[in-house]
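# Results of the structural survey
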Amino acid sequence: MKYTSKYAQAASLKTPCLVIGIFEGRRTDATFDALDEASGGQLRSVLRKGDLRFCAGDTQMLYEVPGIAATRVLLLGLGKQKELDARAFAGALRKAAPLLQQANLRSAAIAMPETGDSYGMVREAVNAIEGALYRFDQCKSDAEPPRHPLRQVIFITHDRRHLRRMQKAAEHGLAIANGSALARDLANLPGNICTPSYLADQARKLGRGKRKLKVSVLEEKDMQQLGMGALLSVSRGSRQPAKLIVLEYKGGKAGSEPVALVGKGLTFDAGGISIKPSQAMDEMKYDMCGGASVLGTIAASAEMELPINVVGVIPSSENLPDGAANKPGDIVTSMSGQTIEILNTDAEGRLILCDALTYTERFEPAAVIDIATLTGACIIALGHQAGGLMGNDERLAQEIEHAGEASSDRVWRLPLWDEYQDQLKSNFADMANIGGRPAGTITAACFLSRFTKSFKWAHLDIAGTAWTSGNDKGATGRPVPLLTQFLMKRARVVE
Ligand code: BES
Ligand code: MN
Ligand code: ZN
């Protein structure tokens, strides 16, 4: 889809559909009032007669409104006037997008509300529209090529000073949406197609033709040499070889410390010998969403040519039961030299991540963020609204919280107090790989914290946010928006 911005009087704009916002309780702003005046009061009269209160996302399509050049006018509820922000504006457009698609229009124009942050509103709106129109039908035999009649969306402003900002916002929004779509595609693919080797190939493909992006893949023999005993122990139970995917995006100054993103790339998690119940086990194909978000974020960064250095590290493996698989009680030695007693083979994410985190030290990163569908407990704690955030650096954690707010991709802080570390005590090794049922999300982070002492580190548990279950089962692309916003802020591309 093409997104543009235009300075125009909404009333005289020729378009198949003009979208105009109304606030809850049929309140209106100057943008609406000008349009109403052009229609000779027709719009307001419709509002008065109408049944809708125009809560967020409510819509009403009108045809042949006098005095207005558009063929259709779509009245769109934007929620409470006082609460209008990028998140609310985008939320309403997310609901309206399918309607525009079904109406068989080639293009639509959206009149910007009178007030509010025009950069944020346009960026989040583009991201929301793209997200709402996303389809995954790669695995359907009869998939018709999507009949995407909607080709162009134009944001209309009556204030010229906003135009440049809005143009940038549209570019950024599209890059973020494209990165999210890449993450969603990879995550929606089933485990028999999206294997560690497939993920590695996709990473290589992403690097093709991009001078600033270098992609390399470590094989099991390389990991053996590095002493990655924890990562390799997980992969031993699988017939698919593990891969450690490394992406280096060099958009910043040579020699400036990179941000490292480390994403769990478990392409299918059956639990291993500590096998999972069969109920909804198919959803464990999503256990690579952390890795997919790293690829999506780096893709978005490259598309925007962000002036920053970023390293992506994706440990990728399957976790299956097998004669060679980890057994409860097994003790393995991680790359850091620390030994781990594996009391539950289903706590495998931390085993592949710990070696990837130790490996990341060599890049001397300015900050490290790991992203993982790590614990079911995180879904119990925070639901599907917010990811879990923990870490060893206050300022980094705050930066990430802000990035989540600014990108409508929120996370919530959980404590990482020393007191929790006791739960990882092992009678036989340096630590156990599980800490019991209480605070499962936190003890998983405690485990990782033992491998992140040499850098500023934050951990995102995305078990609740990376995909949706039920009838609308599918990957969400989160937290690509948060991570991209974080990098944009560090690169000083946004305020
Ligand atoms: N990939 C799962 C976490 C998960 C579970 C994500 C359900 C989304 C939905 C992870 O590898 C796992 O199995 N974690 C265990 C840890 C436990 C054994 C300490 C869990 O959460 O049950
Ligand atoms: Mn598991
Ligand atoms: Zn897992």
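The model shown is predicted, which means the values in this text are computed figures rather than measured ones.

## Observations concerning the pattern of salt bridges
Summed over the entire model, instances satisfying the criterion amount to 21 salt bridges. For the salt bridge of Asp36 with Arg44, the shortest nitrogen-to-oxygen distance reads 3.5 Å. The exposure class of Arg44 is partly exposed, given its relative accessible area of 26%. Among the charged side chains, a network of salt bridges with common partners joins Glu24, Arg53 and Lys80.

## A closer look at the side chain of Thr15
In this structure, Thr15 sits in the loop between β1 (2–7) and β2 (17–22). From its side chain, Thr15 meets the backbone oxygen of Cys17 in a polar contact 3.2 Å long. If near-sequence neighbours (up to four positions away) are discounted, Thr15 is found in contact with Ala70, Thr71, Ser107, Ala108 and Ala109.

## Observations regarding the nonpolar core
Membership of the largest hydrophobic core comes to 93 residues, with the highest contact counts inside it found for Phe89, Phe155, Leu247, Leu261, Ile400 and Leu460. Beyond its immediate sequence surroundings of up to four residues, Phe155 is in contact with Tyr3, Thr4, Ser5, Lys6, Ile110, Met112, Val122, Ala125, Val126 and Met166. Core analysis: the next-biggest nonpolar cluster, separate from the first, contains 44 residues, Ala356, Leu374, Leu448 and Phe451 among them.

## Here we look at the coordination of the zinc ion (ligand 3)
Taken together, Lys264 (NZ), Asp269 (OD), Asp287 (OD) and Glu348 (OE) make up the full set of protein donors to the zinc ion (ligand 3), lying 2.0 to 2.4 Å away. Around the zinc ion (ligand 3) sit 6 donor atoms, and with donor-metal-donor angles ranging over 78 to 176° the site reads as octahedral. For the zinc ion (ligand 3), the single-chain donor residues occur in sequence as K-x4-D-x17-D-x60-E. Separating the zinc ion (ligand 3) from the manganese ion (ligand 2) is a gap of 3.1 Å, bridged by Asp269, which donates to each. In this pair, Asp269 is assigned in strand β10 (residues 265–269) and Asp287 in the loop between β10 and α9 (289–304), connecting sequence segments 18 residues apart. Judged by relative accessible area, which is 3%, Asp269 ranks as buried. A relative accessible area of 2% means that Asp287 is categorised as buried.

## Remarks on the sheet that holds β1
As summarised here, the arrangement of the 6 strands in space is β1-β6-β5-β2-β4-β3, forming an open sheet in which the pairing is mixed. The strands lining the two open edges of the sheet, one partner per strand, are β1 and β3 (59–63). If you compare each strand with its neighbour and ignore which way they point, the axes differ by 25° on average. Of the pairings in the sheet, the one linking β1 to strand β6 (residues 152–157) comprises 6 bridges and is parallel in character. Paired with Lys6 across the bridge in β6 is Ile156. Across the face of the sheet, helix α3 (residues 86–102) comes into contact with β2, β3, β4 (72–77) and β5 (107–111) while running at roughly 140° to β4.

## Considerations on the coordination of the manganese ion (ligand 2)
Only Asp269 (OD), Asp346 (O), Asp346 (OD) and Glu348 (OE) from the protein coordinate the manganese ion (ligand 2), and they sit 2.0 to 2.2 Å from it. Relative to the metal, the 6 donor atoms surrounding the manganese ion (ligand 2) lie at angles of 68 to 165°, and the coordination shape comes out irregular. For Glu348, a relative accessible area of 1% corresponds to the buried category.

Conventions adopted
- Residues numbered from 1 in each chain as written.
- Chains lettered and ligands numbered in written order.
- Predicted model: local features only at pLDDT ≥ 70, side-chain atom pairs only at ≥ 80, totals over all residues.
- Heavy atoms only, no water.
- Salt bridge = Lys/Arg side-chain N within 4 Å of Asp/Glu carboxyl O.
- Buried < 20%, exposed > 50% of the residue type's maximum accessible area, 1.4 Å probe, protein only.
- Helix = DSSP H or I, 4+ residues; strand = E, 2+ residues; numbered from the N terminus.
- Polar contact = N/O pair within 3.5 Å; in protein donor to acceptor, adjacent residues only side chain to side chain.
- Contact = heavy atoms within 4.5 Å.
- Core = buried A, V, L, I, M, F, W, Y, C linked by side-chain atoms within 4.5 Å.
- Donors = N, O, S within 2.8 Å, 3.2 Å for Na, K, Ca; no water.
- Tetrahedral: all angles 85-135°; square planar, octahedral: opposite > 155°, others 65-115°.
- Pairing = 2+ DSSP bridges.
- Axes fitted to C-alpha atoms, helices over the stretch in contact; angles between N-to-C directions.

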